[in-house]
Amino acid sequence: MSPIYLALDTSGTRTALALVKDDKPIFETSATAPYGHNEKLLDLLKEALDQTGITLNQITAICLTIGPGMFTSLRVGLSVAKGLALTGKLPLKGVNTLYALAATAEEHSQPVLALIDARRGELYTGLYYQGTPIIKPSVLPPEQLPTIITQSRLPATVVRVAGDGTRLALPFLNNMHLAVETTDIIYPAPVTIARIGAKLLAFEGADEIDHLEPIYLRRTDAELKRQQLS
């Protein structure tokens, strides 16, 4: 029997879920969830299992985005995934959100600039070319993008842009000697998350559930408040 992967994404204001077999979704759904990813995710999972007739113990592994993204959403998604993994004794694999977003938008091996709105006038940024990070995931103001991209010596004249940070970046990207191709891709596709997770599982093995944590790239609001009070 072919492996069946449960793919999850709670990195933003959308909850997305897919059951993936032979690199194709056999069930895929998403719902807006600015708050309450926990309930939404469990509801979507029940719907997926009910409609496909698949049980939790038939799932091969769970793959999910672990950031960067919205702090609370990432924590909730990871908490639910860990609970499912422990209950079903399933391998768990975390996937970088920017990498999954870039892979979702990749076309004809063109480089992809993945941009997530990090709030406070900043962007979570990653530039990927043929699956390799040219700019490692980082958080920076959009005005720094031209300098960072120029310094990367990207071996291409066209770059695709994906993610909800696109609108913040375009005014600065359009001033570069580089053709910018926008996409309508805002979030990573769950089937892509499953494909990446499956490859990582094959090369690296499963993540240790107790040690798997979200990728924040910067300190949380709670940490900043503690620093101000200390």
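Refer to the structure above for everything that follows.
Attention here is on the structure that accompanies the text. (Residues numbered from 1 in each chain as written. Predicted model: local features only at pLDDT ≥ 70, side-chain atom pairs only at ≥ 80, totals over all residues. Heavy atoms only, no water.)

As for the overall build of the protein
In terms of helices and strands, the protein carries seven helices and ten strands. The C-alpha atoms of the protein give a radius of gyration of 18 Å, which matches the 17 Å a tight globule of 230 residues would have. Every one of the 230 residues in the protein was classed for burial, and the buried ones make up 50%. By sequence separation, contacts in the protein at least 24 residues apart represent 63% of the contacts at least 6 residues apart. Side chains of the protein give 21 positive and 23 negative charges; the mean places of these two sets differ by 3 Å. (Helix = DSSP H or I, 4+ residues; strand = E, 2+ residues; numbered from the N terminus. Rg over C-alpha atoms; globule rule 2.2 N^0.38 Å. Buried < 20%, exposed > 50% of the residue type's maximum accessible area, 1.4 Å probe, protein only. Contact = heavy atoms within 4.5 Å. Lys, Arg positive; Asp, Glu negative; His and termini not counted. Charge placed at Lys NZ, Arg CZ, Asp CG, Glu CD.)

Quick notes on unusual backbone geometry
Omega for the peptide link from Gly67 to Pro68 comes to 5 degrees, which places this bond in the cis form. Residue placement: Pro68 occurs in the loop between strand 4 (61–65) and helix 2 (71–88). One non-glycine residue, Leu217, lies in positive phi territory at about 70 degrees. By the element assignment, Leu217 lies in the loop between helix 6 (190–204) and helix 7 (221–229). Taking relative accessible area as the criterion, Leu217 reaches 34% and is therefore assigned partly exposed.

Some details on the pattern of salt bridges
Pairing of side chains with opposite charge becomes possible as their charged atoms draw close. Taken as a whole and assessed by the stated rule, the structure comprises nine salt bridges. For Arg119, the salt bridge is made with Asp117, and the minimal N-O distance between the two is 3.4 Å. For Arg119, a relative accessible area of 44% gives the class partly exposed. Close ionic contact of Arg160 with Glu181 constitutes a salt bridge, the shortest N to O distance being 2.3 Å. Taken together, the residues Arg160 in strand 9 (residues 158–162) and Glu181 in strand 10 (residues 179–182) connect sequence positions 21 residues apart. Judged by its relative accessible area of 8%, Arg160 falls in the buried class. (Salt bridge = Lys/Arg side-chain N within 4 Å of Asp/Glu carboxyl O.)

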